[in-house]
Amino acid sequence: MSKGRWRRFRFAGLAVYVVIALLAATSCGGDDDESSGTTRESTAASTAIPGLGANLDEIKQKARSEGMVNLVIWAGYADKSWAKTFTQQTGCKVVTKDGASSDDMVDLMGSGAYDGVSASGDATLRLIARGDVAPVNFDLTPNYADVFDGLKNRSYNTVDGQGYGVPHGRGPNLLVFRKDKLPAGTDSWAPVWDGSQAGKLSIYDNPIFIADAAVYLKATQPDLEIENPYELDQKQFDAAVDLLKKQRPQIAKYWDGTTYATQVTTFKSGETTVGTTWPYQTNLMAAEKPPVPVASVKPKEGTTGWSDTWMIAKKAAHPNCTYLWMNYIISPAANAKVAEYFGEAPSNEKACALTKDKEHCNTYHATDEAWWKDVYYWDTPIADCGDDRGDVCKTYEDWKAAWTEIKG
Amino acid sequence: MRRLSSFLHRHPYGRLVGLLAAPVGWLVVIYLGSLALLLMAAFWDTETFTNDVVRNWNLDNFRQILEQDVYRDVALRTIAMAALVTLADAILAFPIAYYMARVARPRTREILVVAILTPLWASYLVKAFAWNAMLLDDGFISWFLGPLGLGPPGDKVGLWLTFTYFWLPFMILPIYTGLERIPSSLLEASGDLGARSLRTFWKVTLPLAFPAVVAGSIFTFSLTLGDFILPTLIANQQFMGTVIYNDRSANLPVAAAFAMVPIVVMTVYLVLARRLGAFRAL
């Protein structure tokens, strides 16, 4: 075949490829998203999920044939010590995926491959708005009756009077520091922001961390008048972003829900001496041999935190196992175990009597509502400031764009 | 059946099309089609609250990556790292490949090929965490450099070392193949004409092997350009891969727009590589 003929064939071929690729792209692009505007209005959401049993006995029966439940969780929420008991009782194997952050969880649930999720308050409303989760029929989760009233009917888990999940528990984001590098009585976020531990910071890698900067500014710059760290107008937002940009060069390592183990390593080696953490990592650090010499505290300026809710996917492939899991994880015994393991306040009142450490509920302030007043649960920033400023607050999109810029 | 076979006999294009239809169809529809779908999101928007992708055709995402400095900084940082890694790998790989191709006995050569390929069988993450441990302030690398008076490697140097290690086999093998192809008669002729070994190397071997080096560099450059795990783990800095990865759920359209940058860079690189003869050497 002569070179000329080949050349013509090649160009014709290339043209054909491009045309087919464009056709495939435009035609297949039709079904990836429905009209996103209307899903927010779908208030008459039904608790019915295809395949779900109508009563507890039916659910238990159907669960045996389902055989497994596929969950997106925060690290440590489904440890073998209670997941195995669940499998023995119900026949449902527990398969989990750690979520790196709330954004990650929203994304994973959007894929439709998971049955349930332990969503924090900044993920729940987004999941509800996207139509990825179904409201929960509390008749089918009898343990819900014993959940603290303070966790029921909150703005982040109840929409139009319908509950969208069972409360798991709540906790604060704590300040953690090496006892040999910082004074024992450290009770302020200052070391994380003022440069005294430059090059040794361990910080949570997610745009929601901007709220932590806002919490610090609330206490140290009262003229900014920050009330809600998730509703920041331009001036407050710029101040928070500036503070974070100043902090950026001081950070040794970031961590998130899938790389929490590296935080244990860096505190152990001394690469990081102060930072933000979940009680889970402090438990892991204490369990190291020898234990990592750290202390953790809720600083006096207040802190961000999270209140988690177990939700079920609208298109769950194993709805019966998921309902059984939701009921199980808030049962007194299991709730006590996970609260102690992770280091958080349980959601079930009866769990307090069952923790190994009888002081657990007191240590974690499970019933002390006053203690939670300056714990600002993760929430999704929206334009509506919720007060007389109107719609001028920065949205989560602004937060995400700023976070990329801050990381540089 | 006979008519089909006689048709195909008379039309060589028909044979070609029939043979290639399945793999080309797979390539175009599944690979290129899905790539096009993904990149098309670059022209769309996200709904602010839910993150759903909304098909409002616009160019805002491109404006954002052109206006916000961070994207330019990240792109330049990644390209610079890719170039440095390619350079280091070329310098390291050439002597090894030369030894394997022209000096080693056949038995040694076989063992060396196996030795070079073995790390590729180890899990990426295992190697990544191993290097992460070695690069710690009190890790193996700083212990090694201690007597030389050098401190622990910084983040960027550590990342460069790790990338160089990871992609070295991809540079060694093309160079080895390229050097093997050089007929010994050429080198003997050069000697006969009076050139000593260094001159022969410089004037004959190196120019003949250069396309192979460029071919190997395609791998090291493109793999460094797109990697998102190592920069996060080791350097704690944003590279193109990490920005795209982080944005994929938070803001898919911006991630898609930014993903065009490495595609454009690699297209330019491949055109240059082709000019330098790399495709003939692969």
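Residues numbered from 1 in each chain as written. Chains lettered and ligands numbered in written order. Predicted model: local features only at pLDDT ≥ 70, side-chain atom pairs only at ≥ 80, totals over all residues.

Quick look at the overall build of chain B
No. 1: Secondary structure summary: chain B contains 14 helices and two strands in total.
No. 2: Across the 282 residues of chain B, 33% fall into the buried class.
No. 3: A separation threshold of at least 6 residues defines the contact pool for chain B, and within that pool the share at least 24 residues apart is 71%. (Helix = DSSP H or I, 4+ residues; strand = E, 2+ residues; numbered from the N terminus. Buried ≥ 20, exposed ≤ 12 C-beta atoms within 10 Å, placed from the backbone. Contact = placed C-beta atoms within 7 Å.)

Comments concerning the overall build of chain A
No. 1: From N to C terminus, chain A includes 15 helices and 15 strands.
No. 2: When burial is assessed residue by residue, chain A has 50% of its 408 residues classed as buried.
No. 3: Taking all contacts inside chain A whose residues are at least 6 apart in sequence as the whole, residues at least 24 apart take part in 71%.

Section: the nonpolar core
No. 1: With 111 residues, the main nonpolar core has Ile210(A), Ala214(A), Ala240(A), Ile312(A) and Trp325(A) as its most contacted residues.
No. 2: Residue contributions to this core reach at least three from each of two domains, namely domain 1 (56-171 + 306-377) and domain 2 (173-305 + 381-407) of chain A.
No. 3: Listed in part, the 55 residues of the second largest apolar core include Val53(B), Met100(B), Phe163(B) and Phe221(B). (Core = buried A, V, L, I, M, F, W, Y, C linked by C-beta atoms within 7 Å. Domains from an automatic or database assignment.)

Remarks on the domain arrangement of chain A
Residues and elements named next belong to chain A.
No. 1: Taken domain by domain, chain A comprises domain 1 (56-171 + 306-377) and domain 2 (173-305 + 381-407).
No. 2: The C-alpha centroid of domain 2 is placed 25 Å from the C-alpha centroid of domain 1.
No. 3: The set of elements that each furnish at least two residues to the side of domain 1 that touches domain 2 consists of α5 (102-110), β7 (166-172) and β15 (375-377).
No. 4: Looking at the side of domain 1 that touches domain 2, the element that brings in the most residues is β15, giving three residues.
No. 5: When the residues that make up the side of domain 1 that touches domain 2 are grouped by side-chain class, the tally is eight nonpolar, six polar and six charged. (Nonpolar A, V, L, I, M, F, W, Y, C, P; charged D, E, K, R; others polar.)

Thoughts on unusual backbone geometry
The phi angle of most residues is negative, glycine excepted, and most peptide bonds adopt the trans form.
Residues and elements named next belong to chain A.
No. 1: Cis geometry marks the peptide bond from Lys289 to Pro290, where omega comes out at 0 degrees.
No. 2: Mapping Pro290 onto the fold places it in the loop between α11 (279-287) and β12 (294-297).
No. 3: With phi around 50 degrees, Asp160 is a residue other than glycine that occupies positive phi space.
No. 4: Considering the arrangement of structural elements, one finds Asp160 in the loop between β5 (158-159) and β6 (162-163).
No. 5: Exposure remark for Asp160: the 10 C-beta atoms within 10 Å place this residue in the exposed category.

Describing the environment of Arg178(A)
Residue and element names in this part refer to chain A.
No. 1: Residue placement: Arg178 occurs in strand β8 (residues 174-178).
No. 2: Its 20 C-beta neighbours within 10 Å are what place Arg178 among the buried residues.
No. 3: Each C-alpha atom of the pair Arg178 and Lys314 lies 44 Å from the other, and the pair is 136 residues apart in sequence.
No. 4: Excluding anything up to four places from it in sequence, Arg178 contacts Phe267, Gly270, Thr273, Pro293 and Val294.

With respect to the domain arrangement of chain B
Residues and elements named next belong to chain B.
No. 1: The domain architecture assigned to chain B consists of domain 1 (2-43) and domain 2 (65-281).
No. 2: The distance between the C-alpha centroids of domain 1 and domain 2 comes to 33 Å.
No. 3: At the interface, four residues of domain 1 touch six residues of domain 2.
No. 4: For the side of domain 1 that touches domain 2, the class distribution of residues is four nonpolar, no polar and no charged.

Brief notes about the interface of chain A and chain B
No. 1: On the chain B side, the residues contacting the 30 residues of chain A number 28 residues.
No. 2: Residue assignment for the side of chain A that touches chain B shows that the elements contributing at least two residues are α1 (3-28), α5, α6 (121-130), β10 (251-255) and α15 (396-407) of chain A.
No. 3: The element best represented in the side of chain A that touches chain B is α1(A), accounting for seven residues.
No. 4: Grouping the amino acids of the side of chain A that touches chain B by side-chain chemistry returns 11 nonpolar, seven polar and 12 charged.

Side note on the pairing of strand β11 (residues 274-277) of chain A
All names here are of chain A.
No. 1: Burial along β11 is two-sided: the residues Val274 and Thr276 and Gly275 and Thr277 are all buried.
No. 2: Both β8 and β11 contribute to a ladder of four bridges, which runs antiparallel. Within β11, the position partnered with Phe177 by the bridge is Val274.
No. 3: Bridge analysis of strand β9 (residues 201-204) against β11 gives two bridges, and the strand direction is parallel. By the bridge assignment for β11, Ser202 is matched with Gly275. (Pairing = 2+ DSSP bridges.)

Details of helix α13 (residues 332-342) of chain A
All names here are of chain A.
No. 1: All of the buried residues along α13 are Ala334, Asn335, Ala336, Lys337, Val338, Ala339 and Phe342.
No. 2: On its buried face, α13 is in contact with α4 (80-90), β7, α11, α12 (319-329), β14 (345-346) and α14 (360-363).
No. 3: Directly after α13, the chain includes Gly343, whose backbone phi takes a positive value near 100 degrees.

Some details on the confidence of the model for chain B
Residues and elements named next belong to chain B.
No. 1: For chain B, the average pLDDT comes to 89, and 99% of its residues sit at 70 or higher.
No. 2: Here helix α14 (residues 278-281) stands out as the least confident element of chain B, with mean pLDDT 78; helix α4 (residues 69-103) is the most confident, with 94.
No. 3: The complex model carries a pTM of 0.82, and its ipTM stands at 0.78. (pLDDT = per-residue confidence, 0-100.)

Things to note about the pairing of β7(A)
All names here are of chain A.
No. 1: With seven of seven residues buried, β7 lies mostly within the body of the structure.
No. 2: Of the pairings in the sheet, the one linking β7 to strand β13 (residues 303-313) comprises six bridges and is antiparallel in character. Each residue of the ladder has a partner; that of Pro167, found in β13, is Thr309.
No. 3: Pairing of β7 with β14, which is carried by two bridges, proceeds in the antiparallel orientation.

With respect to the sheet that holds β10(A)
Residue and element names in this part refer to chain A.
No. 1: The five strands lie next to each other as β10-β9-β11-β8-β12, forming an open sheet whose pairing is mixed. Single-partner strands in this sheet number two, and they are β10 and β12. Across the sheet, the axes of successive neighbouring strands diverge by a mean angle of 25 degrees, strand direction being ignored.
No. 2: In this structure, β9 lies alongside β10, joined through four bridges in parallel fashion. Considered in β10, the bridge of Ile203 is made with Tyr254.
No. 3: Those strands touched by helix α10 (residues 260-269) are β8, β9, β10, β11 and β12, and its axis lies near 150 degrees from that of β10.
No. 4: Each of β8, β11 and β12 is contacted by α11, which is oriented at about 160 degrees to β12, the strand it contacts most. (Axes fitted to C-alpha atoms, helices over the stretch in contact; angles between N-to-C directions.)

Thoughts on helix α5 (residues 106-121) of chain B
No. 1: When the terminal C-alpha atoms of α5(B) are compared, their 23 Å separation across 16 residues agrees well with the 22 Å that a helix rising 1.5 Å per residue should span.
No. 2: Counting buried residues in α5(B) gives zero out of 16 residues, a small share hidden from the surface. (Expected span 1.5 Å × (residues − 1).)

Looking at the packing of α4(B) against helix α8 (residues 155-181) of chain B
Residue and element names in this part refer to chain B.
No. 1: Across the interface, α4 lies against α8 with an axial gap of 6 Å and an inter-helix angle of 45 degrees. Relative to α8, α4 is oriented oblique. In this structure, α4 crosses over α8, and the sense of that crossing is right-handed.
No. 2: Residues that form the contact of α4 with α8 fall into these classes: 23 nonpolar, one polar and three charged. (Parallel < 35°, antiparallel > 145°, perpendicular 65-115°, else oblique. Left-handed = near helix turned anticlockwise from the far one by under 90°.)

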